[in-house]
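This is what each chain is made of:
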Amino acid sequence: MSNTSKPSYTGHRERIREKFASAGLDSFLDHEALELLLTYAVARRDMKPAAWALLKRFGSISSVLDATPEELASVRGVGRNTALFLKLIRGIFKKYMFDEVKGRVAIRTPQNVIEYCQASLSGKKEECLEIIYLSVRNTIINTEIIASGLIDRVAVTPRKIVECALLAKASAIILVHNHPSGDASPSQEDITLTREVIRAAALFGISVHDHIIVAKGSHYSLKANGKI
């Protein structure tokens, strides 16, 4: 190869970037979209094989972004830096979804926050409990994951949840947690814990608007289903 020759993938990179610039991602297949993304992580290599390998291993773009850095780095053609780049994209998406709902008024229904909840927790490999803190006008003040692993009334007490709400100066909260099993249906313990939190929070003038459970591609609102 002469010094002026370009690798064969160079022209391909330019073409898919031009395609994105002119038409966006709607016309891209999943492997093409992932390949395009990977070209910004790796400067000088054909990333099509890596894109295909990731999709073969994880099944979808969302599952690729939900994978751990260790899982990603174990795929042929994907090193540590590329794995961290993909996790950065996932993290930026979560911040984007939070910015979309932060500051909105009348946050009372699952529809107002469900996209954020899915972006935040649905891809987690372990169970997590997140609190969305609301102001007196029901605008979102902040969010916080207060527990992860085995979520039960020993690990997360109503007292702890109320203390977190008081520290955040919240007038109301929404509880969110995930079911990594894929079934968003609440357990009896989920329902009991929520009712205990409602009673404890009421003593301090804090309302519990809802408890939303998210799973991959689904969600369950205890309020909308008459459980609280």
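Residues numbered from 1 in each chain as written. Predicted model: local features only at pLDDT ≥ 70, side-chain atom pairs only at ≥ 80, totals over all residues. Heavy atoms only, no water.

A. Broad picture of the overall build of the protein chain. If you tally the helices and strands in the protein chain, you get 9 helices and 5 strands. For the protein chain, the succession of helices and strands along the chain, N to C, is α-α-α-α-α-α-α-β-β-α-β-α-β-β. The buried share among the 228 residues of the protein chain stands at 43%. Accessible area of the protein chain: about 12,400 Å², with a carbon and sulfur share of 53%. (Helix = DSSP H or I, 4+ residues; strand = E, 2+ residues; numbered from the N terminus. Buried < 20%, exposed > 50% of the residue type's maximum accessible area, 1.4 Å probe, protein only. Areas by Shrake-Rupley, 256 points an atom, 1.4 Å probe, with all protein chains shown as cover.)

B. A look at helix 9 (residues 188-202). Its 15 residues give helix 9 an end-to-end C-alpha distance of 21 Å, which sits within 8% of 21 Å, the value for a rise of 1.5 Å per residue. Residues Asp190, Ile191, Leu193, Thr194, Val197 and Ala201 constitute the buried set of helix 9. The arc enclosing the buried residues of helix 9, seen along the axis, measures out at 165°, which places them on a common side. Residues Gln188, Arg199 and Ala202 are exposed on helix 9 and point more than 90 degrees away from its buried face. Where the residues of helix 9 are buried, they touch helix 8 (158-167), strand 3 (172-178) and strand 4 (207-215). (Expected span 1.5 Å × (residues − 1). Arc of directions from axis to C-beta. Contact = heavy atoms within 4.5 Å.)

C. Region of the structure containing unusual backbone geometry. Positive phi values are uncommon outside glycine, yet Asn138 reaches one of about 65°. For Asn138, the position within the fold is in the loop between strand 1 (128-134) and strand 2 (140-148). Using a relative accessible area of 6% as the deciding quantity, one classes Asn138 as buried. In this model, Lys169 sits at a positive phi of 60°, which is unusual for a non-glycine residue. As for its position among the elements, Lys169 is in the loop between helix 8 and strand 3. Judged by relative accessible area, Lys169 falls into the exposed class, the value being 69%.

D. Region of interest: the sheet that holds strand 1. An order of 2-1-3-4-5 is seen for the 5 strands of this open sheet, with the pairing classed as mixed. Two strands bound the open sheet, and with one partner strand each, they are strand 2 and strand 5 (218-221). Across this sheet, the average inter-strand angle for adjacent strands is 20°, counted without regard to direction. Looking at chain direction, strand 1 and strand 2 are connected through 7 bridges and run antiparallel. (Pairing = 2+ DSSP bridges. Axes fitted to C-alpha atoms, helices over the stretch in contact; angles between N-to-C directions.)

E. Quick peek at the nonpolar core. Formed by 18 residues in total, the largest nonpolar core has its most connected members in Ile131, Tyr133, Ile146, Ile161, Ile173 and Val197. When residues in this core are grouped by element, the largest group, 4 residues, is from helix 8. The contacts of Ile161, once residues within four sequence positions are left out, are Leu129, Ile131, Ile146, Val156, Ile173, Leu175 and Val197. (Core = buried A, V, L, I, M, F, W, Y, C linked by side-chain atoms within 4.5 Å.)

F. The arrangement of the pairing of strand 4 in detail. For strand 4, a buried count of 8 out of 9 residues is recorded, marking the element as mostly surrounded by other parts of the structure. Sheet topology places strand 3 next to strand 4; 7 bridges connect them, and they run parallel. Paired with Asn178 across the two strands is Val214, which belongs to strand 4.

G. Focus on the packing of helix 8 against helix 9. Where helix 8 contacts helix 9, the two axes come as close as 9 Å, and the packing angle between them is 50°. Overall, the two elements helix 8 and helix 9 adopt an arrangement that is oblique. For helix 8 against helix 9, the interelement crossing comes out right-handed. Packed against helix 8, whose contacting residues are Pro158, Ile161 and Val162, the element helix 9 presents Leu193, Glu196, Val197, Ala200 and Ala201 at the interface. Considering only residue class, the contact of helix 8 with helix 9 consists of 7 nonpolar, no polar and 1 charged. (Parallel < 35°, antiparallel > 145°, perpendicular 65-115°, else oblique. Left-handed = near helix turned anticlockwise from the far one by under 90°. Nonpolar A, V, L, I, M, F, W, Y, C, P; charged D, E, K, R; others polar.)

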